[in-house]
Each structure stands twice: as structure tokens, then as C-alpha cells.
Number of protein chains: 2
Amino acid sequence: MVADAPALRRADWEPRPAGRSSAQTRPERAAERIAALAAATEPGDRLGTKDELRAECGVSVGTFNEALRLAQARGVVTVRPGPGGGLFASRQSPMVRLGNSVLALDEDTASVADAIRLRDALDPLLVEDALQHASRLDITAMRVELQQMHAAAEELDGTAFIHANWALHARIAAISPNAMLRSFYTSLLDLIESHVLSVQPVDGQPLPDYIRSRYELHAALVEAITEKDSDRALELIHEHNTTMATPSADEDLSAAVPSG
Amino acid sequence: MVADAPALRRADWEPRPAGRSSAQTRPERAAERIAALAAATEPGDRLGTKDELRAECGVSVGTFNEALRLAQARGVVTVRPGPGGGLFASRQSPMVRLGNSVLALDEDTASVADAIRLRDALDPLLVEDALQHASRLDITAMRVELQQMHAAAEELDGTAFIHANWALHARIAAISPNAMLRSFYTSLLDLIESHVLSVQPVDGQPLPDYIRSRYELHAALVEAITEKDSDRALELIHEHNTTMATPSADEDLSAAVPSG
DNA sequence: CGCCCCAATCCATCATGGTGAATTGCTGCG
DNA sequence: CGCAGCAATTCACCATGATGGATTGGGGCG
């Protein structure tokens, strides 16, 4: 029974790069054909019946249905029954276009440095939102995360510190009423964490002074948010994003670990 | 022949809100079931054969295949033939998670003000990248877009001015080597333009002074990029993002038109 | 003129059976 | 022990036929 295959076999659980190299599946190819046909017409134009389009794609009924399901999910066509029914070209909404363009990004082209840079640009917005919208509950929750950071700092546990750090940032992000901003930011955190931990697990002992000063910076940030001290908060987030380099001699660890 | 149905019938070409209210399709429901099963296990764990999972979902073979195609496209499962084969839980890559979370955003919750705010936060990054990477070709292209802006300003054509304005920004964005940044930014432009033109077409005559000063601001920005004058460029983009309000009395038009 | 009913069109889902490809594991041979 | 071949397992795609639901348009009636 292969249900106990080792979970650490990366090829098993990490999705293969799109389309087994050039061996693209037939439904996927047909879905692209449908999308191309839709793109060549105006939104709302009728493309034809399912059977006409299926013949155009040159696949069987079942395969075409799979392709159509994909195309519908991508928002490129809509389908209607009845006389004059069939497939109609559809315009993807801007949100769908954004989602699809992000999906089309290759993991290789999304470097962690790029992600960090984006995250840094978005941090001030989140701090502004937190200053404006943080409830008592939010502040309590931030304090809980701070305690986790503090505990990790006391135990000099680098991985735990990173997790707690990110949990704090995610919690701050959760305060924002801007759904787009939250979504982007949280996923950027996710991407950064994923990349860092997959590339270079934090094995070494983190520097005590560095980790303490990062903790204190975050604590001050939470206090500034609590006190609604806008200038201080923005100053701190700026410092946060520009003082990643550790003041001590060992640059290797801190350069590799984009701390929050 | 209904191939000539009026293209302006919005219900025809704008995708319906997800899932015809509560009437979710069966393949979509099965795909969610598959995703839930995958989420409940570790990445790499075997979920079972197609037929076992199909029985679990309670659908026919064809419907299950459609669902499976969706689930695979979403990166939640991978499929293998052979003894011990079948469906395996997969971990969505961070990029896929971001794409899916964006797709899950409701258009209503993505307000144009939110989008503008994000765009403004990302503008300085793009300007930095343009300063660093702009080729002669890029500069020529920016100049071409500037000419379009100038022509629109001379003719006092508000819509054309907006289009040219956005085309210039998109061209500046295209210089960046940061694929994520380009993707986000371009889609934000798309979203903003789409929203503004759908909500309030620009019918009124734009103010000559306002439109001229916006043009000149952009011209100065392009020159600063050309001269690689970092301080000047960043100063201009800051001015760009903080001086949208027209200096003249008619605030209605300019408030409604988030100009580039 | 408006509404209802019906017929025609087209789709969503179901069911069944088939071929060929890919994968895994075991056995036999050198 | 390593490699090749083979059998079994499982999937990808194909083909066909059926039922019920949704939609559109036309005709008839009040």
C-alpha cells in the first residue's frame, strides 16, 4: 500500500512545471483554443454551439467538456442553452485578469528580492490602515504575537522568531479594510517565507543582539499603533525596512534571512 | 441567426457573479471536495484512485473528470498512473496561492480608491527601475507616448488624454525587470481604467490648465528618467501622486478622474 | 397588447465500453 | 547485483446513447 510514501519526496507534492514540458494535455490545449477564439471576437459575440466548437478543437465530447470547464473558470466564455445558445465570448473582469496574470508568473521570475521590495512598498499602507482601524481586539492580538516573538527571542530560536515575526505582520495586515492590499501582502509574506525556508533553513543560532533589537523595533511599532502615533509608526516601519543589515560582523545569516 | 446579437447586452459578455447564486455546478462542487480532501492531508499524500475519489464525490465519470481538471489547474492535486497511482495532494506554490486569492476577490470589494492607493505605493519602485534600466529604445517609446498625451491635451480630448496617460505609465512599467511588480501594476492600471470608464465616462471638457500641467508633469518625469536624475524623478512621482486635485474651481471632474 | 403554453434548440449530467500510454514492482537471467 | 522484460495497475482520451433542465421564439387566447 503506497499510501505511506515518504511525504518528503518533493517531486510528489510539488506541482510539476506547467504542462510536463511540451507535453500539454489535450483539454488544456483545447481550452487555449477556445480562449483564442473568444479573444478574436468582441465580448458577447456568439462563438457557436458546443459541438461546432468541439469539432473546431478536434477532440472528443468528454475532452471538450473538460476544456470548456477550464475556459469557463478562466472567465473567457459563458455558455447558454436554448435556440441561439452555445458559447459566448466573455470579457474577463480586471480582477480575473490580474489573478490570471499572477498565475502566469513563473516561480523563477518571482525572486524573493522582488517580493521583499514590493512588501516594503506596501508596509506603510498597512501601518496607516492599522493606525486608523485597529480595534482593542486587534491590539490584543498583536500583543499576543509580540509575546510569541519575545519567547522566540529569549530562546534564541531563529525559525520560531521568523514565524512569529511574520505572524505579527500578517496580523497587522488583517486590520486593513483594503482587501486587495491584504491579499497581496499576505501572499507576499507567504512567498518570502516559503522561498527562504526552502532555500536555506535557518540552522545557525541567530545573533542575540540582532534578534533582540528586531523584537524591540516591532514592540515599538505595536505601541505606536496602539497610541495612534502616526509619525512614530511610519518612522518605525521605515526603519524596519531599511535596517535589515545586522550591526554585527556576521552578515551572512542576516543577509540571507529577510526578517520582518 | 443570433450571431448578430447586440454586443452591448452586458449580461451576455460580463461573467455572472460566481456560481449563479447558490446553483453551483456539480463539477465545481466536486472540485471543491477534492481540494478539501487534499487540504486535510499532507502534500504528497495519496488520496486514492480516481474511481475511489469519484465515488466519494458522488458524480459520474465525465463530471469527475471535469472537476479533476479544475483541481489540477488549481494545483491542489497531481495525478499519476500505475500501481500505487491515483490522486496525490499537492501544495500550491505561493504564486498560485496569490493568483487564486486574487481571483477570489470580489469586484465589489476591490474599490478603485484601494487600487489607486496601491498603484501610488508602487509608482516609486517603477520609477526607480526605469531610472536604472531604461534603454534608448525605452526612452524613445516613452517619448512617443508623451506625444500622444500632448496631442490629446492640445485637442482637449479627456478620454484620449487618460488613455495616453495610462499608456505612458504602462510603458514605464514595462521597463522594470521585476515581473511581479509589472504584473501587479499593469493590472492595477487596467482595473482603474476599467472602473472609471464604466462608472463615469468622461463627457465633460477637461480643464485646459489642469490637463496641460499634468502633461508637463509627465514630460518632466520622462526627462528626469532620461537624464537619470533620481532625485528629480522621485520628487515628480511624489508630486504626481499627491497633486491630483486640480487647482481650479471645478473639482468634480478631476476628483472623478484619477489621472495618471 | 400581454400572457401563457408549447415546440425546438441546446446544455448539464449520467452511463457504459473501449484502446493505448505511463508507471510500478516482480521475476528471471547474465 | 544489475538490468531487461513482463504483468498488473491506473490514467488519458475516445465513442455512443440517454434523461432532464434551461432558454428562446412563435402562436393562440383573453
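Scoring rules and cut-offs
Residues numbered from 1 in each chain as written. Chains lettered and ligands numbered in written order. Predicted model: local features only at pLDDT ≥ 70, side-chain atom pairs only at ≥ 80, totals over all residues. Heavy atoms only, no water. Phe/Tyr/Trp six-rings, centres within 6.5 Å; stacked < 30°, edge-to-face > 60°. Lys NZ or Arg CZ within 6 Å of the ring centre and 35° of its normal. Helix = DSSP H or I, 4+ residues; strand = E, 2+ residues; numbered from the N terminus. Near = heavy atom within 4 Å. Polar contact = N/O pair within 3.5 Å; in protein donor to acceptor, adjacent residues only side chain to side chain. Nonpolar A, V, L, I, M, F, W, Y, C, P; charged D, E, K, R; others polar. Expected span 1.5 Å × (residues − 1). Buried < 20%, exposed > 50% of the residue type's maximum accessible area, 1.4 Å probe, protein only. Arc of directions from axis to C-beta. Contact = heavy atoms within 4.5 Å. Salt bridge = Lys/Arg side-chain N within 4 Å of Asp/Glu carboxyl O. 1 Å grid on protein atoms, 1.4 Å probe; cavity = no way out; pocket = protein on both sides within 12 Å on 5 of 7 lines; lining within 4 Å. Points joined across faces, edges and corners; volume = space filled by probe spheres on them.

K.L.:
Even after reading the chapter, I still don't get the packing of aromatic side chains, so can you show me in this structure?
P.N.:
To describe a pair of aromatic rings, you give the distance between the ring centres and the angle between the ring planes. In total, this model carries 1 aromatic pair over all chains according to the counting rule given. A cation over a ring is seen here: Arg80(A) above Phe88(A), with NZ or CZ 4.2 Å from the ring centre.

K.L.:
Would you mind showing me how to read unusual backbone geometry here?
P.N.:
Of note in the backbone geometry, Lys228(A) takes a positive phi value of approximately 55° without being a glycine. Mapped onto the elements of the fold, Lys228(A) is located in the loop between helix H10 (208-226) and helix H11 (230-242).

K.L.:
Would you take a moment to explain the protein's contact with DNA strand D for this structure?
P.N.:
Every one of the 21 residues lining DNA strand D counts as a neighbour, but Arg26(A), Ser60(A), Thr63(A), Lys50(B) and Arg69(B) are closest to it. At the protein interface, 81% of the atoms of DNA strand D within 4 Å belong to sugar or phosphate. One of the side-chain nitrogen or oxygen atoms of Thr63(A) is found 2.2 Å away from a phosphate oxygen of DNA strand D. Between DNA strand D and Gly82(B), the relevant distance is 3.4 Å, taken from a sugar or linking oxygen to a main-chain nitrogen or oxygen of the residue. Counting only elements with at least two residues in the surface near DNA strand D, the list comes to helix H2 (26-39) and helix H4 (61-73) of chain A together with strand E2 (77-80) of chain B. The residue inventory of the surface near DNA strand D, partitioned by class, reads 8 nonpolar, 8 polar and 5 charged.

K.L.:
Help me understand helix H7 (residues 136-154) of chain B in this model?
P.N.:
Side chains three or four residues apart in an α-helix point the same way, a direct result of the helix having 3.6 residues per turn. Residue and element names in this part refer to chain B. Relative to the 27 Å expected for 19 residues at 1.5 Å per residue, H7 spans 27 Å between its end C-alpha atoms, a close match to the ideal helical length. Listing the buried residues of H7 in full gives Asp138, Ile139, Ala141, Met142, Glu145, Leu146, Met149, Ala152 and Ala153. Buried residues of H7, viewed axially, fall in a sector of 160°; they line one side. Summarising the geometry of H7, the exposed residues directed more than 90 degrees from the buried face are Arg136, Leu137 and Gln147. Contacts from the buried residues of H7 go to helix H6 (112-133), helix H8 (158-175) and helix H10 (208-226). Where H7 ends, the next residue or the one after it, Leu156, has phi of about 55°, a positive value.

K.L.:
Just to check I follow, could you spell out the pattern of salt bridges for this structure?
P.N.:
Per the counting criterion, the structure on display carries 23 salt bridges over all chains. Residue Glu66(B) pairs with Arg69(A) through a salt bridge whose shortest N-O separation is 2.8 Å. Of this pair, Glu66(B) sits in helix H4 (residues 61-73) while Arg69(A) sits in helix H4, which puts the two residues in different chains. With a shortest N-O distance of 3.3 Å, Glu128(A) and Arg117(B) are connected by a salt bridge. Placement of the pair is Glu128(A) in helix H6 (residues 112-133) and Arg117(B) in helix H6, with the two residues belonging to separate chains. Linked through salt bridges whose partners overlap, the residues forming this network are Arg117(A), Glu128(B) and Asp129(B).

K.L.:
How do you make sense of the layout of surface pockets when you look at a structure like this?
P.N.:
Empty space left among the atoms is revealed by rolling a probe the size of a water molecule over them. Volume-wise, the second largest pocket comes out at about 360 Å³. Lining the second largest pocket are 14 residues, and of these Asp120(A), Ala121(A), Pro124(A), His238(A) and Ala121(B) sit closest to its centre. Put simply, the parts of the chain that give the lining of the second largest pocket at least two residues each are H6 and H11 of chain A together with H6 of chain B. A total of 6 residues in the lining of the second largest pocket trace back to one element, the largest contributor, which is H6(A). Split into classes, the residues belonging to the lining of the second largest pocket amount to 7 nonpolar, 3 polar and 4 charged.

K.L.:
How do you make sense of the protein's contact with DNA strand C when you look at a structure like this?
P.N.:
Taken together, 22 residues form the shell around DNA strand C, and within it Lys50(A), Arg69(A), Arg26(B), Ser60(B) and Thr63(B) come nearest. For DNA strand C, the fraction of atoms within 4 Å of the protein that belong to sugar or phosphate moieties is 80%. Within the contact set of DNA strand C, a sugar or linking oxygen lies 3.4 Å away from a backbone nitrogen or oxygen of Gly82(A). Side-chain polar atom of Arg26(B) to a phosphate oxygen of DNA strand C: 2.8 Å apart, as the coordinates give it. Contributions of two or more residues to the surface near DNA strand C are made by H4 and strand E2 (77-80) of chain A together with helix H2 (26-39) and H4 of chain B. When grouped by side-chain class, the residues that make up the surface near DNA strand C number 8 nonpolar, 9 polar and 5 charged.

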